[in-house]
Amino acid sequence: QVQLVESGGGLVQPGGSLRLSCVASGSGFVSKTMGWYRQAPGKQRELAARITTGGSPVYGDSVKGRFTISVDDNMSTVFLQMNYLKLEDSAVYYCYAKTWAGFDHWGQGTQVTVSS
């Protein structure tokens, strides 16, 4: 019933920028937390950024200072602005949402490839 639709992934050169978007939809959907996680081949999925109603954004150490997360007022759309991209940022990026009812939802993932 709940669907998270991601867009914005692609190929970018080192030092470049990319902006990911995720739109949540579904009857009665109200998110408490939205964020982005990423997973590179052979690696565990890790936090890129998340934001919770009433709180400040939280960033993974590897992206702190380079990525910025933002949401709309009703917490149905989340963005990830990625600047100063590195080769190590190459991964599948997954949109995440947790509702006030406590249910977790994941997007299908979008590929980000940083290469010269």
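One can find the structure itself at the top, above this paragraph.
It should be emphasised that the depicted structure is a prediction, and the values quoted were computed from it without experimental measurement.

Okay, unusual backbone geometry next. Of note, the phi angle at Met75 is positive, near 60 degrees, even though the residue is not glycine. Positionally, Met75 belongs in the loop between strand E7 (67–71) and strand E8 (77–82). The backbone phi angle of Tyr84 is positive, close to 50 degrees, even though this residue is not glycine. Here Tyr84 lies in the loop between E8 and strand E9 (91–99).

Where charged atoms of side chains with opposite charge meet at close range, the side chains can pair. Following the criterion strictly, the structure yields five salt bridges and no others. Of the charged contacts, one joins Arg66 and Asp89 as a salt bridge, the two residues approaching to 2.7 Å between their closest N and O atoms. Residue Arg66 is found in the loop between strand E6 (58–59) and E7, and its partner Asp89 is found in the loop between E8 and E9; the two are separated by 23 residues along the sequence. Under the relative-accessibility criterion, Asp89 is labelled buried at 1%. Sharing partners across several salt bridges, the network here consists of Arg38, Glu46, Arg66 and Asp89.

The antiparallel open sheet is built from four strands, whose spatial order is E1-E3-E8-E7. Looking at which strands have only one partner, the edges of the open sheet turn out to be strand E1 (3–7) and E7. Within this sheet the neighbouring strands show an average axis-to-axis angle of 15 degrees, counted without direction.

Before going further, it helps to examine the pairing of E7. Working note: regular strand, side chains alternate between the two faces of the sheet. Direction of pairing for E7 relative to E8: antiparallel, over a ladder of five bridges. If you follow Ser70 over to E8, its bridge partner there is Phe79. Once E7 ends, the chain turns through five residues before running back antiparallel as E8, passing Met75 with a positive phi of about 60 degrees.

A few words on the nonpolar core. Note on soluble globular proteins: their nonpolar side chains tend to be buried together. By size, the foremost hydrophobic cluster in this structure holds 26 residues, and its most contacted members are Trp36, Leu80, Met82 and Tyr93. At the level of secondary structure, the elements contributing two or more residues to this core comprise strand E3 (18–25), strand E4 (31–39), strand E5 (46–52), E7, E8, E9 and strand E11 (110–114). Residues within four places of Met82 in sequence aside, it is in contact with Gly16, Ser17, Leu18, Leu20, Arg66, Phe67, Tyr93 and Val112.

Let's shift gears to the environment of Leu80. For Leu80, the location among the structural elements is in strand E8. Considering only alpha carbons, one finds Leu80 and Ser27, 53 residues apart in sequence, at a separation of 25 Å. With near-sequence residues (within four places) excluded, Leu80 lies in contact with Leu18, Arg19, Leu20, Trp36, Ala48, Ala49, Phe67, Thr68, Ile69 and Tyr93.

Time to look at the side chain of Ser90. When you line up the elements, Ser90 lands in the loop between E8 and E9. A residue is classified by how much of its surface remains accessible, and Ser90, at 18% relative accessible area, is buried.

Under the defined criterion, the tally for this structure stands at three aromatic pairs. Taking the centre distance of 5.6 Å and the plane angle of 75 degrees together, the rings of Tyr37 and Tyr96 count as edge-to-face. Linking Tyr37 in strand E4 with Tyr96 in strand E9, this pair joins segments that are 59 residues apart in sequence. Each member of the pair, Tyr37 as well as Tyr96, is classed as buried. When the centroid spacing of 4.9 Å and the interplanar angle of 50 degrees are considered together, the rings of Tyr96 and Trp106 count as tilted.

Cut-offs and rules
Residues numbered from 1 in each chain as written. Predicted model: local features only at pLDDT ≥ 70, side-chain atom pairs only at ≥ 80, totals over all residues. Heavy atoms only, no water. Helix = DSSP H or I, 4+ residues; strand = E, 2+ residues; numbered from the N terminus. Salt bridge = Lys/Arg side-chain N within 4 Å of Asp/Glu carboxyl O. Buried < 20%, exposed > 50% of the residue type's maximum accessible area, 1.4 Å probe, protein only. Pairing = 2+ DSSP bridges. Axes fitted to C-alpha atoms, helices over the stretch in contact; angles between N-to-C directions. Core = buried A, V, L, I, M, F, W, Y, C linked by side-chain atoms within 4.5 Å. Contact = heavy atoms within 4.5 Å. Phe/Tyr/Trp six-rings, centres within 6.5 Å; stacked < 30°, edge-to-face > 60°.

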